[in-house]
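What follows is the residue order along each chain.
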Amino acid sequence: MKMLINVAETVVADALRGMAVAHPELAVDVENRVVVRRDAPVAGKVALVSGGGSGHEPLHGGFVGPGMLSAACPGEVFTSPVPDQMVRAAAAVDSGAGVLFIVKNYTGDVLNFDMAAELAEDEGIQIAKVLVDDDVAVTDSLYTAGRRGTGATLFVEKIAGAAAEEGQSLERVEALARQVNENARSFGVALSACTTPAKGSPTFDLPAGELELGVGIHGEPGRERRAMMTSGEIADFAINAILDDMTPRNPVLLLVNGMGATPLLELYGFNAEVHRVLAQRGVAVARTLVGNYVTSLDMAGASVTLCQVDEELLRLWDAPVRTAGLRWGV
Amino acid sequence: MLDADFFRRWMTATASSVDREADRLTALDSPIGDADHGSNLRRGFTAVSAALEKEAPETPGAVLVLAGRQLISTVGGASGPLYGTLLRRTGKALGDAAEVDEEGFAEALRAGVDAVMQLGGAAPGDKTMIDALVPAVDALPDGFGAARAAAEQGAEATTPLQARKGRASYLGERSIGHQDPGATSAALLIAALADAGAEAGGE
(Lines give C-alpha, C1' and ligand atoms only; values in the text may rest on other atoms or scores of the structure.)
Protein backbone atom coordinates (compact mmCIF):
# COMPACT_ATOMS: atom_id res chain seq x y z
CA MET A 1 0.00 0.00 0.00
CA LYS A 2 1.40 3.36 -1.02
CA MET A 3 0.84 6.28 1.32
CA LEU A 4 1.93 9.90 1.24
CA ILE A 5 3.69 9.70 4.59
CA ASN A 6 7.16 9.63 6.07
CA VAL A 7 6.88 6.88 8.67
CA ALA A 8 3.76 5.55 10.43
CA GLU A 9 4.97 6.74 13.85
CA THR A 10 4.91 10.43 12.90
CA VAL A 11 1.73 10.55 10.79
CA VAL A 12 -0.31 12.48 13.35
CA ALA A 13 2.44 14.93 14.28
CA ASP A 14 3.23 15.57 10.60
CA ALA A 15 -0.43 16.30 9.86
CA LEU A 16 -0.60 18.72 12.79
CA ARG A 17 2.50 20.56 11.57
CA GLY A 18 0.85 20.92 8.19
CA MET A 19 -2.39 22.07 9.74
CA ALA A 20 -0.56 24.71 11.76
CA VAL A 21 1.02 26.32 8.70
CA ALA A 22 -2.22 26.13 6.69
CA HIS A 23 -4.33 27.70 9.44
CA PRO A 24 -2.59 30.46 11.36
CA GLU A 25 -5.95 31.20 13.03
CA LEU A 26 -5.40 28.00 15.01
CA ALA A 27 -2.85 27.48 17.76
CA VAL A 28 -1.54 23.97 17.15
CA ASP A 29 0.53 22.35 19.89
CA VAL A 30 2.16 19.57 17.89
CA GLU A 31 4.07 18.06 20.80
CA ASN A 32 1.10 17.80 23.15
CA ARG A 33 -1.44 17.26 20.38
CA VAL A 34 -3.93 19.98 21.09
CA VAL A 35 -5.58 22.25 18.49
CA VAL A 36 -6.98 25.47 19.98
CA ARG A 37 -8.70 28.47 18.45
CA ARG A 38 -6.18 31.23 18.73
CA ASP A 39 -8.43 33.75 20.50
CA ALA A 40 -9.25 31.30 23.33
CA PRO A 41 -10.16 31.62 26.12
CA VAL A 42 -13.04 33.88 25.07
CA ALA A 43 -14.30 35.82 28.12
CA GLY A 44 -17.65 34.62 29.39
CA LYS A 45 -18.01 31.93 26.73
CA VAL A 46 -18.55 28.24 27.44
CA ALA A 47 -15.76 26.26 25.81
CA LEU A 48 -16.29 23.11 23.74
CA VAL A 49 -13.62 20.42 23.66
CA SER A 50 -13.82 17.30 21.58
CA GLY A 51 -11.40 14.76 20.30
CA GLY A 52 -10.91 11.20 19.32
CA GLY A 53 -8.73 9.10 17.14
CA SER A 54 -7.06 10.67 14.13
CA GLY A 55 -8.00 9.43 10.68
CA HIS A 56 -11.45 11.07 10.65
CA GLU A 57 -10.38 14.44 9.29
CA PRO A 58 -11.69 17.10 9.19
CA LEU A 59 -13.21 15.79 12.48
CA HIS A 60 -12.15 17.11 15.04
CA GLY A 61 -9.32 19.60 14.52
CA GLY A 62 -10.98 20.85 11.35
CA PHE A 63 -14.00 21.92 13.38
CA VAL A 64 -12.11 24.22 15.75
CA GLY A 65 -12.95 27.89 15.40
CA PRO A 66 -15.60 30.55 16.01
CA GLY A 67 -19.06 28.98 16.09
CA MET A 68 -17.89 25.45 16.74
CA LEU A 69 -15.17 23.81 18.89
CA SER A 70 -12.81 25.73 21.16
CA ALA A 71 -10.24 22.95 21.08
CA ALA A 72 -9.70 19.44 19.83
CA CYS A 73 -7.37 16.65 20.92
CA PRO A 74 -6.36 14.25 18.17
CA GLY A 75 -5.27 10.81 19.31
CA GLU A 76 -3.23 8.30 17.38
CA VAL A 77 -4.94 6.91 14.30
CA PHE A 78 -8.30 5.44 15.43
CA THR A 79 -7.13 5.59 19.07
CA SER A 80 -8.64 7.96 21.58
CA PRO A 81 -6.46 10.75 22.92
CA VAL A 82 -5.05 10.48 26.44
CA PRO A 83 -6.38 12.42 29.47
CA ASP A 84 -3.32 14.70 29.53
CA GLN A 85 -4.32 16.12 26.14
CA MET A 86 -7.89 16.76 27.20
CA VAL A 87 -6.90 18.44 30.46
CA ARG A 88 -4.41 20.64 28.59
CA ALA A 89 -7.09 21.57 26.05
CA ALA A 90 -9.65 22.34 28.75
CA ALA A 91 -7.18 24.54 30.64
CA ALA A 92 -6.29 26.43 27.45
CA VAL A 93 -9.88 27.32 26.55
CA ASP A 94 -11.70 27.68 29.87
CA SER A 95 -12.71 31.28 30.56
CA GLY A 96 -14.35 30.35 33.84
CA ALA A 97 -17.70 29.65 32.17
CA GLY A 98 -17.04 25.93 32.02
CA VAL A 99 -16.11 23.35 29.42
CA LEU A 100 -18.31 20.86 27.56
CA PHE A 101 -16.60 17.62 26.56
CA ILE A 102 -18.18 16.14 23.43
CA VAL A 103 -17.40 12.42 23.52
CA LYS A 104 -18.15 9.78 20.91
CA ASN A 105 -19.35 6.52 22.40
CA TYR A 106 -16.29 4.30 22.16
CA THR A 107 -14.90 2.62 25.26
CA GLY A 108 -11.53 4.35 24.90
CA ASP A 109 -12.93 7.83 24.36
CA VAL A 110 -15.35 7.44 27.25
CA LEU A 111 -12.71 6.18 29.71
CA ASN A 112 -10.10 8.79 28.79
CA PHE A 113 -12.56 11.70 28.85
CA ASP A 114 -13.92 10.47 32.21
CA MET A 115 -10.41 10.46 33.65
CA ALA A 116 -9.73 13.87 32.13
CA ALA A 117 -12.94 15.32 33.58
CA GLU A 118 -11.87 14.25 37.06
CA LEU A 119 -8.40 15.75 36.64
CA ALA A 120 -9.74 19.00 35.14
CA GLU A 121 -12.26 19.37 37.97
CA ASP A 122 -9.36 18.97 40.41
CA GLU A 123 -7.86 22.01 38.71
CA GLY A 124 -11.05 23.96 39.31
CA ILE A 125 -12.47 23.73 35.78
CA GLN A 126 -16.19 23.08 35.57
CA ILE A 127 -16.80 20.19 33.17
CA ALA A 128 -19.97 18.87 31.53
CA LYS A 129 -20.02 15.90 29.18
CA VAL A 130 -22.24 14.79 26.34
CA LEU A 131 -22.01 11.36 24.77
CA VAL A 132 -22.72 11.01 21.05
CA ASP A 133 -24.25 7.63 20.09
CA ASP A 134 -26.20 7.86 16.87
CA ASP A 135 -25.30 4.71 14.90
CA VAL A 136 -28.38 2.55 14.41
CA ALA A 137 -26.29 -0.31 12.99
CA VAL A 138 -25.16 -1.21 16.50
CA THR A 139 -27.22 -3.08 19.06
CA ASP A 140 -27.65 -1.02 22.17
CA SER A 141 -28.16 -3.04 25.33
CA LEU A 142 -26.84 -3.36 28.85
CA TYR A 143 -24.54 -6.08 27.57
CA THR A 144 -22.84 -4.21 24.73
CA ALA A 145 -20.70 -1.11 24.49
CA GLY A 146 -23.77 0.65 23.04
CA ARG A 147 -24.17 2.61 19.85
CA ARG A 148 -21.18 4.22 18.20
CA GLY A 149 -20.87 7.96 17.79
CA THR A 150 -20.51 8.86 14.12
CA GLY A 151 -21.94 11.58 11.86
CA ALA A 152 -24.12 13.19 14.52
CA THR A 153 -20.91 14.45 16.13
CA LEU A 154 -20.79 17.17 13.51
CA PHE A 155 -24.35 18.28 14.29
CA VAL A 156 -23.67 18.28 18.03
CA GLU A 157 -20.44 20.27 17.67
CA LYS A 158 -21.98 22.81 15.27
CA ILE A 159 -25.22 23.45 17.15
CA ALA A 160 -23.74 23.45 20.66
CA GLY A 161 -20.89 25.58 19.31
CA ALA A 162 -23.31 28.20 18.01
CA ALA A 163 -25.14 28.27 21.35
CA ALA A 164 -21.86 28.75 23.20
CA GLU A 165 -20.86 31.52 20.80
CA GLU A 166 -24.09 33.35 21.71
CA GLY A 167 -23.05 33.27 25.35
CA GLN A 168 -25.51 30.61 26.53
CA SER A 169 -24.74 28.88 29.84
CA LEU A 170 -22.92 25.57 30.24
CA GLU A 171 -26.15 23.96 31.39
CA ARG A 172 -28.00 25.21 28.32
CA VAL A 173 -25.23 24.30 25.86
CA GLU A 174 -25.07 20.81 27.34
CA ALA A 175 -28.85 20.41 27.10
CA LEU A 176 -28.81 21.46 23.45
CA ALA A 177 -25.99 19.03 22.68
CA ARG A 178 -28.00 16.22 24.27
CA GLN A 179 -31.11 17.24 22.37
CA VAL A 180 -29.21 17.08 19.07
CA ASN A 181 -27.81 13.65 19.87
CA GLU A 182 -31.17 12.28 20.96
CA ASN A 183 -32.69 13.43 17.69
CA ALA A 184 -29.93 12.17 15.40
CA ARG A 185 -29.46 8.72 13.79
CA SER A 186 -26.82 7.43 11.36
CA PHE A 187 -26.10 4.45 9.17
CA GLY A 188 -22.91 3.75 7.20
CA VAL A 189 -21.80 1.48 4.37
CA ALA A 190 -18.32 0.59 3.14
CA LEU A 191 -17.32 -0.35 -0.39
CA SER A 192 -13.75 -0.98 0.72
CA ALA A 193 -11.88 -1.38 4.00
CA CYS A 194 -9.46 1.33 5.08
CA THR A 195 -5.73 1.04 5.66
CA THR A 196 -4.17 2.32 8.86
CA PRO A 197 -0.58 3.57 8.52
CA ALA A 198 0.53 1.32 11.39
CA LYS A 199 -0.74 -1.84 9.71
CA GLY A 200 -0.17 -0.86 6.08
CA SER A 201 -2.78 -3.23 4.68
CA PRO A 202 -6.60 -3.11 4.66
CA THR A 203 -8.14 -3.72 8.10
CA PHE A 204 -10.57 -6.30 6.69
CA ASP A 205 -11.04 -8.17 3.42
CA LEU A 206 -13.86 -6.95 1.26
CA PRO A 207 -13.96 -8.82 -2.02
CA ALA A 208 -14.73 -6.93 -5.22
CA GLY A 209 -18.44 -7.05 -5.84
CA GLU A 210 -19.42 -6.94 -2.16
CA LEU A 211 -20.20 -4.21 0.35
CA GLU A 212 -20.38 -3.98 4.13
CA LEU A 213 -23.58 -2.64 5.62
CA GLY A 214 -23.55 -0.93 9.00
CA VAL A 215 -19.90 0.00 9.25
CA GLY A 216 -18.50 2.46 11.71
CA ILE A 217 -15.70 4.92 11.22
CA HIS A 218 -12.77 2.83 12.43
CA GLY A 219 -12.43 0.33 9.67
CA GLU A 220 -14.13 -2.26 11.83
CA PRO A 221 -16.30 -4.50 9.66
CA GLY A 222 -20.04 -3.94 9.63
CA ARG A 223 -22.84 -6.19 10.78
CA GLU A 224 -23.64 -7.65 7.40
CA ARG A 225 -22.12 -8.21 3.98
CA ARG A 226 -24.00 -8.34 0.70
CA ALA A 227 -23.44 -8.35 -3.02
CA MET A 228 -22.82 -4.83 -4.33
CA MET A 229 -25.95 -2.71 -4.59
CA THR A 230 -26.80 0.39 -6.61
CA SER A 231 -26.71 3.84 -5.06
CA GLY A 232 -30.52 3.84 -4.99
CA GLU A 233 -30.68 0.45 -3.25
CA ILE A 234 -28.10 1.56 -0.67
CA ALA A 235 -30.10 4.74 -0.01
CA ASP A 236 -33.23 2.63 0.53
CA PHE A 237 -31.39 0.32 2.91
CA ALA A 238 -29.74 3.11 4.93
CA ILE A 239 -32.84 5.29 5.27
CA ASN A 240 -35.00 2.32 6.16
CA ALA A 241 -32.52 1.33 8.89
CA ILE A 242 -32.66 4.86 10.30
CA LEU A 243 -36.44 5.26 10.03
CA ASP A 244 -36.94 1.89 11.72
CA ASP A 245 -35.43 3.65 14.72
CA MET A 246 -36.91 7.15 14.54
CA THR A 247 -40.02 8.82 13.21
CA PRO A 248 -39.18 12.44 12.54
CA ARG A 249 -42.15 14.77 13.00
CA ASN A 250 -40.17 17.87 12.09
CA PRO A 251 -37.84 18.60 9.21
CA VAL A 252 -34.39 17.07 9.43
CA LEU A 253 -30.84 18.13 8.86
CA LEU A 254 -29.24 15.67 6.45
CA LEU A 255 -25.56 14.78 6.30
CA VAL A 256 -24.43 12.63 3.39
CA ASN A 257 -20.93 11.90 4.52
CA GLY A 258 -18.07 10.44 2.54
CA MET A 259 -15.77 7.95 4.28
CA GLY A 260 -12.67 9.37 2.61
CA ALA A 261 -12.25 7.64 -0.74
CA THR A 262 -15.60 8.16 -2.39
CA PRO A 263 -15.61 11.10 -4.82
CA LEU A 264 -18.16 13.90 -4.62
CA LEU A 265 -19.55 12.77 -7.98
CA GLU A 266 -20.76 9.59 -6.27
CA LEU A 267 -21.75 11.33 -3.03
CA TYR A 268 -23.98 13.83 -4.85
CA GLY A 269 -25.59 11.01 -6.82
CA PHE A 270 -26.15 9.14 -3.56
CA ASN A 271 -27.58 12.30 -2.03
CA ALA A 272 -30.15 12.47 -4.85
CA GLU A 273 -31.22 8.91 -3.99
CA VAL A 274 -31.36 9.69 -0.26
CA HIS A 275 -33.62 12.67 -0.98
CA ARG A 276 -35.82 10.48 -3.18
CA VAL A 277 -36.28 7.93 -0.38
CA LEU A 278 -36.88 10.60 2.27
CA ALA A 279 -39.53 12.25 0.06
CA GLN A 280 -41.22 8.86 -0.43
CA ARG A 281 -41.23 8.35 3.34
CA GLY A 282 -42.64 11.84 3.94
CA VAL A 283 -39.58 13.24 5.69
CA ALA A 284 -38.90 16.92 4.98
CA VAL A 285 -35.26 17.96 4.66
CA ALA A 286 -34.47 21.41 6.02
CA ARG A 287 -30.73 21.49 5.16
CA THR A 288 -28.36 19.15 3.36
CA LEU A 289 -24.61 18.84 3.78
CA VAL A 290 -22.69 16.62 1.35
CA GLY A 291 -18.99 15.91 1.64
CA ASN A 292 -16.17 14.22 3.54
CA TYR A 293 -16.65 15.33 7.14
CA VAL A 294 -16.34 12.28 9.38
CA THR A 295 -14.00 10.09 7.41
CA SER A 296 -12.29 6.78 7.85
CA LEU A 297 -8.88 7.26 6.20
CA ASP A 298 -9.10 5.85 2.67
CA MET A 299 -12.30 3.88 3.12
CA ALA A 300 -14.73 4.05 0.21
CA GLY A 301 -18.35 4.39 1.19
CA ALA A 302 -20.73 6.80 2.86
CA SER A 303 -22.86 7.36 5.89
CA VAL A 304 -26.18 9.10 6.24
CA THR A 305 -27.16 11.07 9.33
CA LEU A 306 -30.56 12.58 9.99
CA CYS A 307 -31.21 15.02 12.82
CA GLN A 308 -34.73 16.15 13.59
CA VAL A 309 -34.66 19.90 14.30
CA ASP A 310 -36.98 22.51 15.71
CA GLU A 311 -36.72 26.23 14.94
CA GLU A 312 -34.13 26.82 17.63
CA LEU A 313 -31.81 24.03 16.45
CA LEU A 314 -32.20 25.12 12.84
CA ARG A 315 -31.33 28.71 13.74
CA LEU A 316 -28.21 27.52 15.55
CA TRP A 317 -27.28 25.28 12.62
CA ASP A 318 -27.51 28.29 10.28
CA ALA A 319 -25.44 30.52 12.58
CA PRO A 320 -22.02 31.60 11.27
CA VAL A 321 -19.13 29.16 11.60
CA ARG A 322 -15.48 29.65 10.69
CA THR A 323 -13.36 26.52 10.86
CA ALA A 324 -11.01 24.70 8.51
CA GLY A 325 -13.60 22.06 7.70
CA LEU A 326 -16.91 23.89 7.93
CA ARG A 327 -17.42 27.53 7.09
CA TRP A 328 -20.46 29.65 6.31
CA GLY A 329 -22.20 32.91 7.14
CA VAL A 330 -18.94 34.79 7.71
CA MET B 1 9.84 -12.07 48.82
CA LEU B 2 9.41 -9.77 45.83
CA ASP B 3 11.25 -6.44 45.82
CA ALA B 4 11.17 -3.36 43.58
CA ASP B 5 13.76 -4.91 41.34
CA PHE B 6 11.45 -7.85 40.66
CA PHE B 7 8.64 -5.51 39.62
CA ARG B 8 10.99 -3.51 37.37
CA ARG B 9 12.00 -6.78 35.70
CA TRP B 10 8.32 -7.68 35.28
CA MET B 11 7.65 -4.41 33.52
CA THR B 12 10.72 -4.57 31.27
CA ALA B 13 9.96 -8.21 30.42
CA THR B 14 6.44 -7.12 29.46
CA ALA B 15 7.87 -4.33 27.32
CA SER B 16 10.13 -6.74 25.41
CA SER B 17 7.38 -9.26 24.94
CA VAL B 18 4.87 -6.64 23.73
CA ASP B 19 7.53 -5.30 21.37
CA ARG B 20 8.17 -8.80 20.02
CA GLU B 21 4.48 -9.70 19.73
CA ALA B 22 3.14 -6.31 18.57
CA ASP B 23 2.49 -7.47 15.03
CA ARG B 24 0.61 -10.55 16.24
CA LEU B 25 -1.56 -8.42 18.56
CA THR B 26 -2.31 -6.03 15.70
CA ALA B 27 -3.14 -8.96 13.41
CA LEU B 28 -5.58 -10.32 16.02
CA ASP B 29 -7.10 -6.84 16.26
CA SER B 30 -7.73 -6.54 12.50
CA PRO B 31 -10.71 -8.81 11.95
CA ILE B 32 -12.65 -7.62 15.01
CA GLY B 33 -11.14 -4.27 15.97
CA ASP B 34 -9.18 -1.58 14.23
CA ALA B 35 -5.71 -3.04 13.93
CA ASP B 36 -3.77 -0.97 16.42
CA HIS B 37 -3.60 -2.93 19.67
CA GLY B 38 0.03 -3.94 19.18
CA SER B 39 1.32 -0.53 18.19
CA ASN B 40 -0.57 1.19 21.01
CA LEU B 41 0.72 -1.14 23.73
CA ARG B 42 4.24 -0.99 22.33
CA ARG B 43 4.16 2.81 22.57
CA GLY B 44 2.96 2.56 26.17
CA PHE B 45 5.40 -0.03 27.45
CA THR B 46 8.31 1.68 25.72
CA ALA B 47 7.37 4.73 27.79
CA VAL B 48 7.13 2.56 30.91
CA SER B 49 10.66 1.21 30.39
CA ALA B 50 12.04 4.70 29.81
CA ALA B 51 10.31 6.10 32.91
CA LEU B 52 11.51 3.26 35.14
CA GLU B 53 15.06 3.79 33.97
CA LYS B 54 14.86 7.50 34.66
CA GLU B 55 13.07 7.48 38.01
CA ALA B 56 14.00 4.11 39.56
CA PRO B 57 11.17 3.92 42.16
CA GLU B 58 12.23 2.17 45.35
CA THR B 59 9.18 0.12 46.31
CA PRO B 60 7.10 -2.47 44.43
CA GLY B 61 4.02 -0.26 44.76
CA ALA B 62 5.80 2.79 43.36
CA VAL B 63 7.07 0.81 40.35
CA LEU B 64 3.56 -0.25 39.38
CA VAL B 65 1.97 3.14 40.07
CA LEU B 66 4.55 4.81 37.85
CA ALA B 67 4.07 2.23 35.12
CA GLY B 68 0.30 2.63 35.24
CA ARG B 69 0.54 6.40 35.04
CA GLN B 70 2.79 6.11 31.97
CA LEU B 71 0.29 3.84 30.23
CA ILE B 72 -2.60 6.21 30.91
CA SER B 73 -0.56 9.12 29.53
CA THR B 74 0.70 7.43 26.37
CA VAL B 75 -1.51 4.59 25.14
CA GLY B 76 -4.93 6.13 24.56
CA GLY B 77 -7.86 4.03 23.43
CA ALA B 78 -9.40 1.68 25.95
CA SER B 79 -6.11 -0.14 26.62
CA GLY B 80 -4.44 2.92 28.19
CA PRO B 81 -6.95 3.49 30.98
CA LEU B 82 -7.59 -0.23 31.51
CA TYR B 83 -3.97 -1.41 31.71
CA GLY B 84 -3.03 1.82 33.49
CA THR B 85 -5.71 1.22 36.11
CA LEU B 86 -4.69 -2.43 36.50
CA LEU B 87 -1.10 -1.50 37.36
CA ARG B 88 -1.89 1.63 39.36
CA ARG B 89 -4.48 -0.05 41.53
CA THR B 90 -2.30 -3.11 42.05
CA GLY B 91 0.56 -0.80 43.01
CA LYS B 92 -1.60 1.20 45.39
CA ALA B 93 -2.82 -1.99 47.05
CA LEU B 94 0.83 -2.92 47.69
CA GLY B 95 1.30 0.24 49.74
CA ASP B 96 4.85 1.46 50.56
CA ALA B 97 6.30 -1.90 51.66
CA ALA B 98 9.87 -2.46 50.48
CA GLU B 99 9.08 -6.11 49.78
CA VAL B 100 5.91 -8.14 49.37
CA ASP B 101 5.28 -11.84 49.62
CA GLU B 102 3.53 -13.74 46.86
CA GLU B 103 0.31 -13.93 48.81
CA GLY B 104 0.23 -10.17 49.30
CA PHE B 105 0.95 -9.66 45.63
CA ALA B 106 -1.88 -12.02 44.60
CA GLU B 107 -4.29 -10.01 46.76
CA ALA B 108 -3.09 -6.73 45.29
CA LEU B 109 -3.40 -8.01 41.73
CA ARG B 110 -6.94 -9.10 42.46
CA ALA B 111 -7.71 -5.56 43.62
CA GLY B 112 -6.23 -4.30 40.34
CA VAL B 113 -8.31 -6.69 38.25
CA ASP B 114 -11.45 -5.74 40.19
CA ALA B 115 -10.75 -2.08 39.43
CA VAL B 116 -10.43 -2.89 35.72
CA MET B 117 -13.75 -4.75 35.75
CA GLN B 118 -15.39 -1.80 37.43
CA LEU B 119 -13.91 0.76 35.04
CA GLY B 120 -14.65 -1.12 31.84
CA GLY B 121 -17.89 -2.70 33.01
CA ALA B 122 -16.76 -6.06 31.67
CA ALA B 123 -17.29 -9.44 33.31
CA PRO B 124 -15.72 -12.82 32.52
CA GLY B 125 -17.12 -14.13 29.24
CA ASP B 126 -17.44 -10.72 27.56
CA LYS B 127 -14.38 -11.48 25.38
CA THR B 128 -11.98 -8.96 26.92
CA MET B 129 -8.69 -8.87 28.84
CA ILE B 130 -10.69 -9.93 31.90
CA ASP B 131 -10.96 -13.44 30.44
CA ALA B 132 -7.19 -13.85 30.85
CA LEU B 133 -6.74 -11.83 34.05
CA VAL B 134 -9.36 -13.46 36.25
CA PRO B 135 -8.12 -17.05 35.70
CA ALA B 136 -4.54 -15.82 36.22
CA VAL B 137 -5.39 -14.27 39.58
CA ASP B 138 -7.30 -17.39 40.59
CA ALA B 139 -4.26 -19.54 39.74
CA LEU B 140 -1.68 -17.28 41.36
CA PRO B 141 -1.67 -19.14 44.71
CA ASP B 142 -0.23 -22.10 42.76
CA GLY B 143 2.66 -20.02 41.46
CA PHE B 144 3.54 -17.78 38.55
CA GLY B 145 3.79 -20.72 36.13
CA ALA B 146 0.22 -21.74 36.92
CA ALA B 147 -0.94 -18.17 36.44
CA ARG B 148 0.77 -18.02 33.07
CA ALA B 149 -0.91 -21.22 31.89
CA ALA B 150 -4.31 -20.06 33.16
CA ALA B 151 -4.01 -16.70 31.40
CA GLU B 152 -3.02 -18.33 28.12
CA GLN B 153 -5.90 -20.78 28.34
CA GLY B 154 -8.24 -17.92 29.21
CA ALA B 155 -7.10 -15.95 26.16
CA GLU B 156 -7.54 -18.94 23.85
CA ALA B 157 -10.97 -19.60 25.31
CA THR B 158 -12.17 -16.19 24.05
CA THR B 159 -12.21 -17.44 20.45
CA PRO B 160 -15.74 -18.90 20.40
CA LEU B 161 -17.22 -16.03 22.44
CA GLN B 162 -19.30 -13.15 21.14
CA ALA B 163 -17.82 -9.81 22.18
CA ARG B 164 -19.99 -7.71 24.45
CA LYS B 165 -17.61 -4.88 25.30
CA GLY B 166 -15.26 -2.69 23.32
CA ARG B 167 -15.03 -2.20 19.60
CA ALA B 168 -15.45 -5.89 18.76
CA SER B 169 -18.95 -5.76 20.27
CA TYR B 170 -20.13 -3.71 17.27
CA LEU B 171 -19.71 -6.82 15.14
CA GLY B 172 -22.23 -8.84 17.10
CA GLU B 173 -22.08 -12.49 16.04
CA ARG B 174 -19.32 -11.75 13.56
CA SER B 175 -16.90 -11.36 16.47
CA ILE B 176 -17.19 -15.12 17.10
CA GLY B 177 -14.24 -17.23 15.96
CA HIS B 178 -11.46 -14.74 16.68
CA GLN B 179 -9.20 -14.71 19.73
CA ASP B 180 -9.51 -11.46 21.66
CA PRO B 181 -6.44 -9.22 21.30
CA GLY B 182 -6.92 -7.71 24.78
CA ALA B 183 -7.02 -11.12 26.44
CA THR B 184 -3.94 -12.05 24.42
CA SER B 185 -1.94 -9.04 25.58
CA ALA B 186 -3.09 -9.67 29.15
CA ALA B 187 -1.68 -13.19 28.85
CA LEU B 188 1.63 -11.64 27.72
CA LEU B 189 1.67 -9.48 30.85
CA ILE B 190 1.16 -12.54 33.06
CA ALA B 191 3.74 -14.56 31.09
CA ALA B 192 6.25 -11.77 31.71
CA LEU B 193 5.49 -12.10 35.41
CA ALA B 194 6.47 -15.76 35.20
CA ASP B 195 9.63 -14.79 33.31
CA ALA B 196 10.56 -12.28 36.00
CA GLY B 197 9.86 -14.94 38.61
CA ALA B 198 12.01 -17.52 36.83
CA GLU B 199 14.84 -15.01 36.69
CA ALA B 200 14.48 -14.54 40.45
CA GLY B 201 15.30 -18.22 40.78
CA GLY B 202 12.05 -20.00 41.41
CA GLU B 203 8.38 -20.11 40.88
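Below you will find a few notes about this structure.

Rules used in this analysis
Residues numbered from 1 in each chain as written. Chains lettered and ligands numbered in written order. Predicted model: local features only at pLDDT ≥ 70, side-chain atom pairs only at ≥ 80, totals over all residues. Heavy atoms only, no water. Helix = DSSP H or I, 4+ residues; strand = E, 2+ residues; numbered from the N terminus. Buried < 20%, exposed > 50% of the residue type's maximum accessible area, 1.4 Å probe, protein only. Contact = heavy atoms within 4.5 Å. Polar contact = N/O pair within 3.5 Å; in protein donor to acceptor, adjacent residues only side chain to side chain. Buried area = accessible area lost by both parts, 1.4 Å probe. Salt bridge = Lys/Arg side-chain N within 4 Å of Asp/Glu carboxyl O. Nonpolar A, V, L, I, M, F, W, Y, C, P; charged D, E, K, R; others polar.

## A few points about the environment of S175(B)
All names here are of chain B. Mapped onto the elements, S175 comes out in the loop between α7 (144-156) and α8 (181-199). For S175, a relative accessible area of 0% translates into the label buried. Placed eleven residues apart in sequence, S175 and R164 show a C-alpha to C-alpha distance of 9.3 Å. Excluding anything up to four places from it in sequence, S175 contacts I32, K127, L161, Q162, A163 and A168. Engagement of the side chain of S175 in a polar contact is seen with the backbone oxygen of G172, the distance being 2.8 Å.

## Quick notes on the environment of G33(B)
By the element assignment, G33(B) lies in the loop between α1 (4-32) and α2 (37-55). When its relative accessible area of 3% is taken as the criterion, G33(B) is described as buried. Remark: the alpha-carbon pair of G33(B) and G172(B), spanning 139 residues in sequence, is separated by 12 Å. Look past the residues within four positions of G33(B) in its chain and what remains in contact with it is G219(A) and E220(A).

## A word on the interface of chain A and chain B
With 36 residues of chain A at the contact, the number on the chain B side is 30 residues. In this assembly, chain A packs against chain B so that about 2,500 Å² is buried in total across both faces, 57% of it on carbon and sulfur atoms. Contact with chain B buries surface across chain A, with L111(A), M115(A) and R223(A) losing the most and accounting together for 19% of the total. Taken together, the links from chain A to chain B amount to two salt bridges. Across the pair R174(B) and E212(A) runs a salt bridge whose closest N-O atoms are separated by 2.9 Å. Viewed at the interface, chain B and chain A are joined by eleven residue pairs in polar contact (both at pLDDT 80 or more). At the level of elements, β4 (71-77), α2 (83-93), α3 (107-122) and β9 (224-227) of chain A are the ones that each hand at least two residues to the side of chain A that touches chain B. Here the element with the most residues in the side of chain A that touches chain B is α3(A); it accounts for five residues. Grouping the constituent residues of the side of chain A that touches chain B by class yields 14 nonpolar, 13 polar and nine charged.

## With respect to the pattern of salt bridges
All names here are of chain A. Taken as a whole and judged by the stated rule, the model has 28 salt bridges over all chains. One salt bridge connects D135 with R148, and the closest N-O pair in it is separated by 2.8 Å. Of this pair, D135 sits in the loop between β6 (127-132) and α4 (152-165) while R148 is found in the loop between β6 and α4, placing the two residues 13 residues apart along the sequence. Of the two residues, D135 and R148, both sit in the buried class. Notably, a salt bridge pairs R226 with E224, separated by 2.8 Å at the nearest N-O pair. Through salt bridges with shared partners, one network takes in E166, R172, E312 and R315.

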